[in-house]
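What follows is each chain in one-letter form.
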Amino acid sequence: MTKIDRAKSAADQWNREKPELNTGPMVALGRLGEATQRIRRDYLEPNFAVHGLTSGDFDVLATLRRSGPPYALTPTDLYRNAMISSGGMTARADRLEKAGLVERKPHPTDRRALTIGLTKKGLALIDRVLPDHIAAQEKATAGLSGAELETLSALLGKLIGGLDGD
């Protein structure tokens, strides 16, 4: 089976129809989008599903876990540090709380605030899921050498920095 480079194919078509267009960004961003979609679908989400999680659930649990003891953050800090959008944070926290994976507690120093923290069950779950998640990421990037992976990471960091106006 021949693998189709959809982004390049689209750019080639545009180059034929509108040769004055600069399709370089189209190819790069199209490939980036396709890679992201396929990695999530084929490598990451199946692992989450085995554990009854969505990618957003995983991101919340992982963010709390990597924050260190006591594995709790304010809702604002959780949103800022998670790799998800703010839109569904409250609903996601509600769902994880209902599942017994996180709990809301009063903030230790601010009576007006609260924290969202991992329960023992949530901590045990994220510690079980994480090694398989790392293995899935390694499998997804196995086509790149270590140096190529470092270069890709550096270039994506530069791209993201440019988006932020840095």
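Criteria and thresholds
Residues numbered from 1 in each chain as written. Predicted model: local features only at pLDDT ≥ 70, side-chain atom pairs only at ≥ 80, totals over all residues. Heavy atoms only, no water. Salt bridge = Lys/Arg side-chain N within 4 Å of Asp/Glu carboxyl O. Buried < 20%, exposed > 50% of the residue type's maximum accessible area, 1.4 Å probe, protein only. Core = buried A, V, L, I, M, F, W, Y, C linked by side-chain atoms within 4.5 Å. Helix = DSSP H or I, 4+ residues; strand = E, 2+ residues; numbered from the N terminus. Contact = heavy atoms within 4.5 Å. Phe/Tyr/Trp six-rings, centres within 6.5 Å; stacked < 30°, edge-to-face > 60°. Pairing = 2+ DSSP bridges. Axes fitted to C-alpha atoms, helices over the stretch in contact; angles between N-to-C directions. Expected span 1.5 Å × (residues − 1). Bend = angle between axes of the 7 residues up to and from the residue.

A. Region of the structure containing the pattern of salt bridges. Summed over the entire model, instances satisfying the criterion amount to 14 salt bridges. The partner of Lys18 in a salt bridge is Glu20, with the nearest N and O atoms 3.2 Å apart. Residue classification places Lys18 among the partly exposed residues on the basis of a relative accessible area of 36%. According to the relative accessible area criterion, Glu20 is exposed, its value standing at 59%. One salt bridge in this structure joins Arg112 and Asp110, with 3.2 Å as the shortest N-O distance. Residue classification places Arg112 among the exposed positions, given a relative accessible area of 78%. Here the residues in one salt-bridge network are Arg6, Glu34 and Arg38, joined through shared partners.

B. Structural view of the nonpolar core. Within the largest apolar cluster, 23 residues are counted, with the highest numbers of intra-cluster contacts made by Leu53, Leu61, Leu64, Leu78, Val102 and Leu118. Listing elements by their share of this core, those giving two or more residues are α2 (24-50), α3 (55-66), α5 (89-98), β3 (114-118) and α6 (120-140). Of all the elements, α3 adds the most residues to this core, at five residues. Beyond its immediate sequence surroundings of up to four residues, Leu53 is in contact with Phe48, Leu61, Leu101, Leu125 and Val129.

C. Summary view of the packing of aromatic side chains. Throughout the structure, instances matching the rule amount to one aromatic pair. Ring geometry for Phe48 and Phe58: centres 4.6 Å apart, planes at 25 degrees, overall stacked. Of the two residues, Phe48 is situated in helix α2 and Phe58 in helix α3; the sequence distance between them amounts to 10 residues. Since its relative accessible area comes to 4%, Phe58 is described here as buried.

D. Layout of the sheet that holds strand β2 (residues 102-106). As summarised here, the arrangement of the three strands in space is β1-β3-β2, forming an open sheet in which the pairing is antiparallel. Because the sheet does not close on itself, it has two edges, and the strands there are β1 (72-73) and β2. Looking at chain direction, β1 and β3 are connected through two bridges and run antiparallel. Considered in β3, the bridge of Leu73 is made with Ile116. Packed onto the sheet, α5 meets β2 and β3 and runs at close to 105 degrees relative to β2.

E. How the structure looks around the side chain of Asn47. Within the secondary structure layout, Asn47 lies in helix α2. Looking at Asn47, the relative accessible area reads 11%, which means it is buried. The contacts of Asn47, once residues within four sequence positions are left out, are Val129, Asp132 and His133.

F. Highlighting the side chain of Thr74. Within the secondary structure, Thr74 is located in the loop between β1 and α4 (75-81). Thr74 gets classed as buried once you look at its relative accessible area, which sits at 18%. Filtering out sequence-adjacent residues up to four positions away, Thr74 remains in contact with His107, Leu114 and Thr115.

G. Representation of α6 in the model. Taking 1.5 Å of rise per residue, the 21 residues of α6 would be expected to cover 30 Å, and the 30 Å separating its terminal C-alpha atoms lies within 8% of that figure. Along α6, the helix axis deviates most sharply at Leu130, where the bend reaches about 25 degrees; the proline Pro131 sits within four residues downstream. For α6, the elements touching its buried residues are α2, α3 and β3.

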